[in-house]
Amino acid sequence: MKKLIVFAFAAAIASSTFAAGKVGIVDMMVLVRNHRTYDSNKELLTKTDKENQDKLDAMKSDLDSIQKEGAKLAEELRSPMLSTTKKAELEDKIMKVQNKFLAAQAELRKEALRAQQDLAALESRILRTQAEDIKGTVAKYAEKNGYDLVLETSAALYSAKSYDITDEILKAMGVDPKEAKGKESDKDEGK
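Conventions used here
Residues numbered from 1 in each chain as written. Predicted model: local features only at pLDDT ≥ 70, side-chain atom pairs only at ≥ 80, totals over all residues. Heavy atoms only, no water. Buried < 20%, exposed > 50% of the residue type's maximum accessible area, 1.4 Å probe, protein only. Helix = DSSP H or I, 4+ residues; strand = E, 2+ residues; numbered from the N terminus. Pairing = 2+ DSSP bridges. Phe/Tyr/Trp six-rings, centres within 6.5 Å; stacked < 30°, edge-to-face > 60°. Lys NZ or Arg CZ within 6 Å of the ring centre and 35° of its normal. Expected span 1.5 Å × (residues − 1). 1 Å grid on protein atoms, 1.4 Å probe; cavity = no way out; pocket = protein on both sides within 12 Å on 5 of 7 lines; lining within 4 Å. Points joined across faces, edges and corners; volume = space filled by probe spheres on them. Nonpolar A, V, L, I, M, F, W, Y, C, P; charged D, E, K, R; others polar. Axes fitted to C-alpha atoms, helices over the stretch in contact; angles between N-to-C directions. Parallel < 35°, antiparallel > 145°, perpendicular 65-115°, else oblique. Contact = heavy atoms within 4.5 Å.

Caption draft 1: Layout of the pairing of strand β1 (residues 23-26). Every second residue of β1 is oriented toward a common face, with Val-23 and Ile-25 on one face and Gly-24 and Val-26 on the other, all of them buried. Relative to strand β2 (residues 149-152), β1 runs parallel, the two being bridged by four bridges. Following the sheet pairing, Val-26 is matched in β2 by Glu-152.

Caption draft 2: Representation of the packing of aromatic side chains in the model. Overall, the coordinates contain one aromatic pair when judged by the stated rule. In this structure, Lys-22 is placed above the aromatic ring of Tyr-147, and the distance from its NZ or CZ to the ring centre is 4.5 Å.

Caption draft 3: Representation of helix α4 (residues 84-145). Between the first and last C-alpha of α4 there are 90 Å, a value that for 62 residues agrees with the 92 Å anticipated at 1.5 Å per step. Among the residues trailing α4, Gly-146 stands out with phi positive, at a value near 75 degrees.

Caption draft 4: Up close: the layout of surface pockets. For the second largest pocket, the calculated volume is near 180 Å³. In terms of lining, the second largest pocket is formed by Met-29, Val-32, Arg-33, Tyr-38, Asn-41, Lys-42, Leu-45, Glu-123, Ile-126, Leu-127 and Gln-130. For the lining of the second largest pocket, the elements supplying multiple residues, two or more each, are α2 (28-33), α3 (38-77) and α4. Within the lining of the second largest pocket, the residues separate by chemical class into six nonpolar, two polar and three charged.

Caption draft 5: Quick peek at the packing of α3 against α4. Viewed as axis vectors pointing N to C, α3 and α4 meet at an angle of 170 degrees, and their least axial separation amounts to 9 Å. Taken together, the axes of α3 and α4 lie roughly antiparallel to each other. Counted by class, the contact of α3 with α4 contains 21 nonpolar, seven polar and 13 charged residues.

Caption draft 6: Highlighting the environment of Ile-94. Of note, Ile-94 is situated in helix α4. Relative accessible area serves as the criterion here: at 14%, Ile-94 is assigned to the buried category. On a C-alpha basis, the gap between Ile-94 and Ala-74 in space is 7.0 Å, while along the polypeptide they are 20 residues apart. When neighbours within four sequence positions are excluded, Ile-94 is seen to be in contact with Leu-73, Ala-74 and Leu-77.

By themselves, these figures tell us nothing about what the structure is for.
Following this line, the structure appears as C-alpha cells:
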C-alpha cells in the first residue's frame, strides 16, 4: 500500500511537471514527403532499382540462352543415328552446359540478393539523412518557440489538434502547408 501511495505521488508530480511544459506533435510522414530531397531521392531509388532490374533481366536472358542450348543438345542426343563417340561428346557437352546453367543460376540469385540489399541500404541511408535534417529543423523550431517536448503523431494515442505543429515545421522547411504532399486534404481528395 505504501508503494502504491509513493507511486501515485510520483506520478502526480511527474504529470504536473509535464503539464507545465509546452508540447507539440508532428506528422513525420508529411515532413519526409515534403523534404527538399524527397523527390530526387525517390528518383535515385527508382533509377537504381531499374538499373538492378535491367542487369537481372540480362542475366535471365543469358540463363534462357544456356537452357535453350542444353535443350538443343538433348534433342540431338535422342537421335538414333549417333555413333558412340558422338554420343559421348554430346553427353559431355550437355554436362558442361548443365554446370554452366547451374553456375549462372547461382550467380543470378546472388546478384538479385546483392541488388536487394544494396537498394535497402541506400534507402536506409537516405531516410536516416532526411530524418536527421528534419529532427534538426524540429529542434531549432522547438527551442525558438519554447517547446519542451515534440512527439511524432504515431507516438500519441490521442492529442488535440492544437498540439499539431506540422504546418509550422513545414514553413520552417520552406514548404507552404497548403501545398504540402501527404496532408489529410490530399487523402480526402482521393476519395
